Amino acid sequence: MTSTLHYFAANEAEALRLGAALGIACAGVAVHRFPDGESLVRVAHSGAAALLYCSLNAPNAKLVEVLLAASALRDSGARRVVLVAPYLGYMRQDHAFAQGEAVSQRVIGGLIAAAFDGLVTVDPHLHRTPRLEDVVPGIVAVNVSAAATIARALADYVSPDTLLIGPDDESRQWVEAVSAPLHLETLIGSKVRLGDRAVQIELPRIERVAGRPVVLIDDLISSGGTLIDCAAQLGKAGAASIAAAATHCLASEADFAAMTANGIRPIMATATVPGTASTIPIADALAHAILHHGLG
Ligand code: R5P
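In this report, we go over the structure that sits alongside the text. (Residues numbered from 1 in each chain as written. Predicted model: local features only at pLDDT ≥ 70, side-chain atom pairs only at ≥ 80, totals over all residues. Heavy atoms only, no water.)

1. So, the sheet that holds strand β10 (residues 185–188)
Here's step 1: Read from one edge to the other, the open sheet built from five strands follows the order β10-β9-β13-β14-β15, with strand pairing classed as parallel. The two strands at the open ends of the sheet, each matched to only one other strand, are β10 and β15 (264–269). Each strand axis lies, on average, 25° off the axis of its neighbour in the sheet, ignoring direction.
Here's step 2: As judged from the three bridges shared by strand β9 (residues 163–166) and strand β13 (residues 213–221), these two strands associate in the parallel manner. Within the sheet, the bridge partner assigned to leucine 164 lies in β13 and is valine 215.
Here's step 3: Those strands touched by helix α7 (residues 225–236) are β9, β13, β14 (241–249) and β15, and its axis lies near 165° from that of β13.
Here's step 4: In this fold helix α8 (residues 253–261) packs onto β13 and β15, with an angle of close to 135° to the strand it touches most, β15. (Pairing = 2+ DSSP bridges. Helix = DSSP H or I, 4+ residues; strand = E, 2+ residues; numbered from the N terminus. Axes fitted to C-alpha atoms, helices over the stretch in contact; angles between N-to-C directions. Contact = heavy atoms within 4.5 Å.)

Spelled out as structure tokens, the structure:
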């Protein structure tokens, strides 16, 4: 099948990198916003297999637009439409934690499964639903790990005495996957979330950091509260420098500045969402997974 990569303007740079890595034609999706807030979406003529690239950070308007684009792609000749969403929002609410709450992961996963033949994403924040296939039932689900990409990016930055630190047990899988090829020591903390931005973190045997460079590793930087809490403790314990590397950085410019002001430098993330920290290209890892699954 002839493939075409269609992309939304916000993701143009990384989408074009992916198109080049796959060796396929790329076309922008045109979006017009009416004064009343509705969107009109227009796609270019598609090959039989369409890849639609849209990272779903700040997802509310984008979700409507990707559903419209999927429909337009089928109308324009695509027999298979695969969503490439390097960041997949709404994965954290996988359970009704209080009576009356929507289980967002199930709702959004259901919408994607109904509109697309496949989903490719990077390190989705899965917790109680461990398999991406169960989030988007009945379609091809490809979960790309950013760990090897992050490890390669850190190889020139770290020294043999660098300590990789995960703020909580959820981060352990990324810390271990990044540390293995770099042969670095690790330290995993435990975290209690007190609110959207407030956390309480315990870092066991923190005295090990004295005089050593440290890199905080996590799948997601959102408000930056987790990293700032860690950095405060690491600074007091005498860390020589504090950097951070994550799969996704969703932090606003103000939150990014607050992390920097709290001594976290540099902050590196893969380019799953556009932003100041998103300096590590992810296109090669995406292309490899897409080709491996016969979706290119
Ligand atoms: C949570 O379990 C994630 O792995 C991140 O640690 C969390 O989302 C970071 O959020 P924030 O930057 O707002 O502290």
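2. Focus: the environment of proline 160
Here's step 1: Turning to its location among the elements, proline 160 is positioned in the loop between α5 (147–155) and β9.
Here's step 2: Along the primary structure proline 160 and leucine 182 are separated by 22 residues, whereas in three dimensions their C-alpha atoms are 8.4 Å apart.

3. A closer look at the state of the cysteines
Here's step 1: Per the counting criterion, the structure on display carries zero disulfides.
Here's step 2: A disulfide-free cysteine, cysteine 230 has its sulfur positioned 15 Å from the sulfur of cysteine 249, the nearest such atom.
Here's step 3: A relative accessible area of 0% places cysteine 230 in the buried class. (Disulfide = S-S within 2.5 Å. Buried < 20%, exposed > 50% of the residue type's maximum accessible area, 1.4 Å probe, protein only.)

4. Some remarks on the site of the ligand
Here's step 1: Taken together, 15 residues are adjacent to the ligand, and Glu170, Asp218, Asp219, Ser223 and Thr226 come closest.
Here's step 2: In this structure, lysine 191 approaches the ligand through a side-chain N or O atom, which is 2.9 Å from an oxygen atom.
Here's step 3: Contact between the ligand and arginine 193: an oxygen atom at 3.3 Å from a side-chain N or O atom of the residue.
Here's step 4: When the ligand is considered free in solution it has 380 Å² of accessible area, and contact with the protein chains removes 93% of it.
Here's step 5: When residues of the shell around the ligand are traced back to their parent elements, those giving at least two are β11 (190–193), β13 and α7.
Here's step 6: For the shell around the ligand, the element with the highest residue contribution is β13, accounting for four residues.
Here's step 7: Per-class residue counts for the shell around the ligand are two nonpolar, six polar and seven charged. (Near = heavy atom within 4 Å. Polar contact = N/O pair within 3.5 Å; in protein donor to acceptor, adjacent residues only side chain to side chain. Areas by Shrake-Rupley, 256 points an atom, 1.4 Å probe, with all protein chains shown as cover. Nonpolar A, V, L, I, M, F, W, Y, C, P; charged D, E, K, R; others polar.)

In short, the description is geometric, and any link to function would need to be established separately.
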